[in-house]
Amino acid sequence: MQRIVILGSTGSIGVQALEVIAANPGRFEVVAISAGSGNLALLHEQAERFRVKAVGTTADSFDCSVKTFTGAAASREIAAMECDVVINGITGSIGLAPTLAALDAGNLVALANKESLVAGGELVMRKGRGRIIPVDSEHSAIYQAMLAGRRDEISKLILTASGGAFRDREDLAGVTVDEALNHPTWSMGPVVTINSATLVNKGLEIIEAHYLFDIPYSQIDAVIHPQSVIHSMVEYIDGSTIAQLSPPNMKGPIAYAMSHPHRTQGATRPVDWSQAHRWDFRPIDTERFPAISLARTAGESGALATATFNAANEVAVDAYVKGVIAFTEIVPVIESVLATGDAHGEPRDLADVVAIEQTARTLAAEIVATFQRERS
Ligand code: MG
């Protein structure tokens, strides 16, 4: 029986993890769950249904028959509970502190919260090397493909990108929020979906891959693959490329991370080879999607810069969703913040990350206001 802790249990990853667990009776035990204050009714229902030992929420109060943690530190308390694996399905850099708490407690982390690595960088990897199993579909694919050879035989990691909602759209200036929230192949939370449309998500994933697998940015590529069946690839020095594929469904990588090093029966539907398939690949148009090069540049400067990239993006996406800036202004906001902030190097501790993010958010808010003034 794998003892599982789920952070962000009411979000997209958390809900699907619980579905995998429910579909495999006797294989997993849910020790504890935590979530924000957005859907306390669902959190309560999950706690009862899975008979957890403890539950945590950022809400100030929560009425439940089991041990309850509330407030800002709740997810850290839950992350440190004794278990076999902690699934971190929190969205945003607020997921970093619980990742560190889980690692400090000696727990294995199934990481869906890419911001932990983007904002924490070496701070996380110093504690987490060999103890983080990726849940992001691309990184799960690379992790699996890396089992085919030695690390020093890898020549390149190739991340696939669906290309987001606008991969085939030339003019991105007037894109509405509803259009950006409509992802062609993946069903995800709103922030991740916008990040997917700007390709900021792929930028974050390149950074995530760099830290997770300790591979230089010059050896990490990304390619558009609209069908999202081949989740990523590893190219070896002999010219051979190993890919991992399955129809797009997050339950595959979630189940792999939860049951690692074993596999879960029927976690996801396999490719149907009785049907004809066509899988396309094309290079990313980096002019139309400047987020990729910007993420690389930030990456070369270290995690204080990538934390800045991420925090500025969070502010810009929020401003876009509220109708304050245009879709095509999201990445320029990040670019201006990076140029003004001049962050570089790795954070020494969580306080360094919190401070650099605060600076980035303040700068981003100022730049958003400038964009707004220029228009009016
Ligand atoms: Mg991904």
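**Quick look at the sheet that holds strand β1 (residues 2-7)**
Sheets are built from strands that pair by backbone hydrogen bonding, the pairs being arranged parallel or antiparallel.
At step 1: The strand order across the open sheet built from seven strands is β4-β3-β2-β1-β5-β6-β7, with neighbouring strands paired in parallel fashion. Sheet topology places β4 (67-70) and β7 (132-134) at the edges, where each strand pairs with a single neighbour. Going from strand to strand, the sheet's axes swing by 20 degrees on average, the running direction of each strand aside.
At step 2: As defined by bridge partners, strand β2 (residues 28-35) adjoins strand β3 (residues 54-57) across four bridges and the pair is classed as parallel. The partner of Ala-32 across the bridge, within β3, is Ala-54.

**Details of the domain arrangement of the protein**
At step 1: Taken domain by domain, the protein comprises domain 1 (2-134), domain 2 (144-248 + 272-286) and domain 3 (302-376).
At step 2: With centres defined by C-alpha atoms, the gap from domain 1 to domain 2 works out at 26 Å.
At step 3: Across the boundary between the two partners, domain 1 contributes 11 residues, which contact 14 residues of domain 2.
At step 4: Both faces combined, the contact of domain 1 with domain 2 buries some 1000 Å², and carbon together with sulfur accounts for 69% of it.
At step 5: The largest contributions to the domain 1 side of the interface with domain 2 come from Lys-114, Leu-117 and Val-118, which together make up 47% of the buried area.
At step 6: Counting across the domain 1 and domain 2 interface gives one salt bridge.
At step 7: The shortest N-O distance in the salt bridge between Glu-205 and Lys-114 comes to 2.9 Å.
At step 8: Linking domain 1 with domain 2 are two residue pairs in polar contact (both at pLDDT 80 or more), by the criterion used here.
At step 9: When residues of the side of domain 1 that touches domain 2 are traced back to their parent elements, those giving at least two are α5 (115-120), α6 (122-128) and β7.

**Examining the coordination of the magnesium ion**
At step 1: Here the magnesium ion is held by Asp-136 (OD), Glu-138 (OE) and Glu-205 (OE), and the distances to it run 2.1 to 2.3 Å.
At step 2: Expressed as a motif, the donor residue spacing for the magnesium ion is D-x1-E-x66-E. Taken together, the residues span a long stretch of sequence, with Glu-138 in helix α7 (residues 137-145) and Glu-205 in helix α10 (residues 200-213) at a distance of 67 residues. In this pair, the class of Glu-138 matches that of Glu-205, namely buried.

**Some details on the side chain of Thr-57**
At step 1: Relative to the helices and strands, Thr-57 is located in strand β3.
At step 2: A relative accessible area of 1% places Thr-57 in the buried class.
At step 3: Polar side-chain contacts of Thr-57 include one of 3.0 Å to the backbone nitrogen of Ala-59.
At step 4: Each residue touching Thr-57, except ones within four places of it in the same chain, is listed here: Ala-35, Gly-36, Ser-37, Leu-40, Leu-43, Phe-62, Phe-69, Thr-70, Gly-71 and Ala-74.

**Notes on the sheet that holds strand β9 (residues 220-224)**
At step 1: Strand order in the open sheet made by the five strands is β11-β10-β8-β9-β12, with mixed pairing throughout. Across the chains shown, the open sheet's two edge strands, defined by having one partner strand only, are β11 (241-245) and β12 (282-283).
At step 2: For β9 and β12, the ladder comprises two bridges, and the chain directions are antiparallel. Residue Val-223 lies in a different strand from β12, and its bridge partner there is Pro-283.
At step 3: Strand contacts of α7: β8 (154-161), β10 (230-236) and β11, with the helix running at about 40 degrees to β10, the strand carrying the most contacts.

**Quick notes on the nonpolar core**
At step 1: If you look at the biggest cluster of nonpolar residues, it comprises 93 residues, and the most contacted ones within it are Val-5, Leu-157, Phe-309, Tyr-320, Ile-325, Phe-327 and Val-333.
At step 2: Excluding residues that lie within four positions of it along the chain, Leu-157 makes contacts with Ile-142, Ala-209, Phe-213, Ile-215, Gln-219, Ile-220, Asp-221, Met-233 and Val-234.

**Describing helix α15 (residues 350-375)**
At step 1: Compared with an ideal rise of 1.5 Å per residue, which puts 26 residues at 38 Å, α15 spans 38 Å between its outermost C-alpha atoms and is within 8% of the ideal.
At step 2: Among the residues making up α15, those that are buried are Asp-352, Val-353, Ile-356, Glu-357, Ala-360, Leu-363, Ala-364, Ile-367, Val-368 and Phe-371.
At step 3: Close packing links the buried residues of α15 with α4 (96-104), α5, α6, α13 (303-321) and α14 (330-341).

**Overview of the pattern of salt bridges**
At step 1: Here the structure, examined in full by the defined rule, presents 23 salt bridges.
At step 2: When the shortest N-O distance is used, the salt bridge between Arg-361 and Glu-314 registers 2.9 Å. In this pair, Arg-361 sits in helix α15 while Glu-314 sits in helix α13, placing the two residues 47 residues apart along the sequence.

**Some thoughts on the pairing of β11**
At step 1: With five bridges connecting them, β10 and β11 associate as antiparallel partners. Counterpart to Met-233 in the pairing with β11 is Ala-243.
At step 2: Counted between consecutive antiparallel strands, the loop separating β10 from β11 contains four residues, among which Gly-239 sits at a positive phi close to 90 degrees.

**So, the packing of aromatic side chains**
At step 1: Under the defined criterion, the tally for this structure stands at four aromatic pairs.
At step 2: Ring centres of Phe-166 and Phe-327 lie 5.0 Å apart, and the angle between their planes is 85 degrees; this geometry places the pair in the edge-to-face category. Here Phe-327 lies in the loop between α13 and α14 and Phe-166 lies in the loop between β8 and α8 (177-180), a separation of 161 residues in the sequence.
At step 3: Look at Phe-166 and you get buried, because its relative accessible area is 2%.
At step 4: With relative accessibility at 4%, the residue Phe-327 sits in the buried group.
At step 5: For the ring pair Tyr-320 and Phe-327, a centre distance of 5.6 Å and an interplane angle of 70 degrees mean the geometry is edge-to-face.
At step 6: When its relative accessible area of 3% is taken as the criterion, Tyr-320 is described as buried.

What counts, and where the lines are drawn
Residues numbered from 1 in each chain as written. Predicted model: local features only at pLDDT ≥ 70, side-chain atom pairs only at ≥ 80, totals over all residues. Heavy atoms only, no water. Pairing = 2+ DSSP bridges. Helix = DSSP H or I, 4+ residues; strand = E, 2+ residues; numbered from the N terminus. Axes fitted to C-alpha atoms, helices over the stretch in contact; angles between N-to-C directions. Domains from an automatic or database assignment. Contact = heavy atoms within 4.5 Å. Buried area = accessible area lost by both parts, 1.4 Å probe. Salt bridge = Lys/Arg side-chain N within 4 Å of Asp/Glu carboxyl O. Polar contact = N/O pair within 3.5 Å; in protein donor to acceptor, adjacent residues only side chain to side chain. Donors = N, O, S within 2.8 Å, 3.2 Å for Na, K, Ca; no water. Buried < 20%, exposed > 50% of the residue type's maximum accessible area, 1.4 Å probe, protein only. Core = buried A, V, L, I, M, F, W, Y, C linked by side-chain atoms within 4.5 Å. Expected span 1.5 Å × (residues − 1). Phe/Tyr/Trp six-rings, centres within 6.5 Å; stacked < 30°, edge-to-face > 60°.

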